Amino acid sequence: MENVNLAEDFASLLEESFATSDLYEGTVVKGTIVAIEKDLAVIDVGLKVEGRVPMKEFGAKGRAGEMAVGDEVEVYLERVENAMGEAVLSRDKARREESWVRLEVAFEAGEKVTGQIFNQVKGGFTVDLDGAVAFLPRSQVDIRPVRDVTPLMNNPQPFQILKMDKRRGNIVVSRRTVLEETRAEQRSELVQSLEEGNTVEGVVKNITDYGAFVDLGGIDGLLHVTDIAWRRINHPSEVLSIGQTVKVQIVRVNQETHRISLGMKQLETDPWSGIEAKYPLDAKFSGRVTNITDYGAFVELEPGIEGLIHVSEMSWTKKNVHPGKIVSTSQEVEVVVLEVDASKRRISLGLKQTLQNPWEAFAEKYPVEAVVEGEVKNKTEFGLFIGLEGDVDGMVHLSDLDWNRPGEQVIEEYKKGDVVKAVVLDVDVDKERISLGIKQLESDPFEAASGDVRKGSVVTCEVTEVKENGLEVKLADSDLTSFVRRADLARERGDQDPTRFNVGETFEARITQFDKKTRRVGVSIKALEIAEEKEAVAQYGSADAGSSLGDILGAALKAKSTDD
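Remember, it's a predicted structure, so these values are computed and weren't measured experimentally. What you see as residue numbers is a count from 1 along each chain, following the sequence as written. The model is predicted, so local features are restricted to residues of pLDDT at least 70 and side-chain atom pairs to those at 80 or more, both for listing and for counting; the totals for chains, interfaces and linings are taken over all residues. Note that the side-chain values use all heavy atoms of the structure and ignore hydrogens as well as water.

Draft legend 1. Geometry of unusual backbone geometry. Even without being glycine, Asp282 reaches a positive phi, approximately 70 degrees. Looking at where Asp282 falls in the secondary structure, it is placed in the loop between helix 4 (275-278) and strand 16 (284-293). The phi angle at Glu432 is positive, at roughly 55 degrees, despite the residue not being glycine. Numbered from the N terminus, helices here are DSSP runs of H or I no shorter than four residues, and strands are runs of E no shorter than two. Considering the arrangement of structural elements, one finds Glu432 in the loop between strand 24 (419-428) and strand 25 (433-437).

Structure, rendered in structure tokens:
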């Protein structure tokens, strides 16, 4: 019974001893190194409880630590006693526990932590954060992709904690976030020190189609392709290369977005200054074609000075042709200055003005009434187009195809490709028109047939056809024809019946219309009778005052028969 009581007393004393000590499994406790056996340190954690810890756990990343007997250390107590009667201790776990506490505080405060990259794993790297192992994704290593991480390995450097999960033991860190923050601070300071108009030196960092990025010492500025030189630059690589040191001017600085616009041409004299005096109107210059578009071609007159030849000023005769079919890139051409606008930095040039106007040349060589020859280029509803010397066209109107027949009928006798002769009727240089006539190659039969016929004269007519509304007649001693309307057949209405005339019968009539332009002749028996009556009244009426109109006419007719 006494032995049992003694055992119970010892157990209670031991339990009380543990209760008053800091020895709790799963916690970090303080201990003292009491001995070092080869690569193991014997540590007393109190109450005569000892445990062994490998020396390498006191070093960094597998290197043995320099520890000595009597040193006080913190270790993690996994179990108070194992099968050998010793405590199970771990210095690594103690360090991790300490690190987790510090890292959680830093994570909550958003502070940076120091660590070392010590190994490469799938998708990134492992980082030692003073005992705690964190994961560094490859995308978070640097601002730009890094091919070789070797220089960064095992070097203490700052990291930003992105994520922590103690239950899973996961920590994700970023080196890129720290670099971006540092860079942003540097950029802000640098941007504030830059002033528009300053000249600085930089290094070409990258080249794109629209310009080049220049490193100004921690911050990039954009040198747009249009600000590289006053002359046309098709691509920045024509004059710049990566790594080249260039002198640039600060054109614009945006303090909010930190965007900087740079310029190289601003350091040179503007070639457009005094441009009007240098390139007077109508002056002729030589230049090189630099660019061709649908609406024209750009010509470099000197470095930095370009003018545009509009498509309408490229050729006198080729109106609907693409400029690329008239000139080619890099071709040397002679041009004439048409307009200069210094404010808009534009010069209008003319290519066709260096050659003589083909319509002027044609007019000089072929005056009106000259006979020309050409090929039928086209037939339209209003006439023929004839290709002429100097690559110009002339038009023969329907009315100028034949003297007697309708033009609509005559034009069917011509086809494209026929070579014909024509007479020049008119040349309008301003409107670029040439009027031609084919019928004018022969004399006007109307002109030849008319002879002494004129308005008011009396002619003998022969009836060729009797119609209900008048007579078709032929004028004696000529090839002229006319139509006598029913109302013109007699003065009296009862005598205006066309049927009282027979084909082949002749009569005298007076010409009331003679129009060479319309080629029309009008005759009238009625007009002749009225004219004869007026003449009789004038001649006999005054001597026989009071006599009747019949008496006067009778006397006139008697006098006429006597004369005959």
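Draft legend 2. Region of interest: the sheet that holds strand 29 (residues 506-515). In this scheme, strands are said to pair when DSSP sees at least two bridges between them. Ordered by their spatial adjacency, five strands build an open sheet running 28-27-26-29-30, and the pairing between neighbours is antiparallel. Strand pairing shows two members of the sheet lacking a second neighbour, strand 28 (481-485) and strand 30 (520-524), which therefore form its edges. The average angle at which neighbouring strand axes cross in this sheet is 50 degrees, direction not considered. The pairing of strand 26 (residues 458-467) with strand 29 spans five bridges and is classified as antiparallel. Across the sheet, residue Val458 finds its bridge partner in strand 29, namely Arg510. Only the stretch in contact is used when fitting a helix axis, every axis being a line fitted to C-alpha atoms; angles between N-to-C directions are given from 0 to 180 degrees.

Draft legend 3. Region of interest: a negative patch on the surface. Patches in this entry comprise residues that are over 30% relatively accessible and not in a salt bridge; like charges within 9 Å are linked, as are nonpolar side chains (Val, Leu, Ile, Met, Phe, Trp, Tyr) within 5 Å. Throughout, the Shrake-Rupley method with a 1.4 Å probe supplies accessible areas, and for residues the shown protein chains are the sole cover considered. Each reported salt bridge corresponds to a side-chain nitrogen of Lys or Arg within 4 Å of a carboxyl oxygen of Asp or Glu. A positive count includes Lys and Arg, and a negative count includes Asp and Glu. His and the chain ends are not counted in either. By convention, the charge on Lys lies at NZ, on Arg at CZ, on Asp at CG and on Glu at CD. There is a patch of like negative charges on the surface, built from Glu492, Asp495, Glu508, Glu529, Glu532 and Glu535. Looking at the negative patch element by element, the count peaks at three residues for helix 8 (residues 525-540).

Draft legend 4. Focus on the pattern of salt bridges. Evaluated as defined, the whole model comprises 16 salt bridges. As a salt-bridge pair, Arg232 and Glu306 come within 3.0 Å of each other at their nearest N and O atoms. Here Arg232 is found in the loop between strand 13 (220-224) and strand 14 (245-254), whereas its partner Glu306 is found in strand 18 (residues 305-310), with 74 residues between them in sequence. Exposure categories follow from relative accessible area, calculated using a 1.4 Å probe and restricted to protein chains: below 20% of the type maximum is buried, above 50% is exposed, and the middle band is partly exposed. Residue Arg232 is classed as partly exposed on the basis of its relative accessible area, which comes to 28%.

Draft legend 5. Structural detail: the pairing of strand 3 (residues 50-54). By the alternation rule, side chains of strand 3 split into Gly51 and Val53, which are all buried, and Glu50, Arg52 and Pro54, of which none is buried. Strand direction decides the pairing type here: strand 2 (residues 40-44) and strand 3, joined by five bridges, are antiparallel. Within strand 3, the residue paired with Leu40 across the bridge is Pro54.

Draft legend 6. Structural view of the sheet that holds strand 13. The five strands are arranged 11-12-13-15-14 in a closed barrel whose pairing can be described as mixed. Each adjacent strand pair in this sheet contributes to an overall mean axis angle of 50 degrees, direction not counted. Alignment of strand 14 against strand 15 (residues 259-263), held across five bridges, turns out to be antiparallel. Paired with Asn254 across the bridge in strand 15 is Arg259.

Draft legend 7. Geometry of the packing of aromatic side chains. Pairing of aromatic rings covers Phe, Tyr and the six-membered ring of Trp, with a centre-to-centre limit of 6.5 Å; geometry is then stacked below 30 degrees between planes, edge-to-face above 60, and tilted otherwise. For the structure shown, the criterion picks out six aromatic pairs. Relative to Tyr366, the ring of Phe362 has its centre 5.0 Å away and its plane inclined at 35 degrees; by these criteria the two rings are tilted. The class for Phe362 is buried, based on a relative accessible area of 3%. The ring of Phe298 has Arg232 lying over it, and the distance from NZ or CZ to the ring centre is 4.8 Å. Placement of a positive charge over a ring is assigned whenever Lys NZ or Arg CZ falls within 6 Å of the ring centre and within 35 degrees of the normal to the ring plane.

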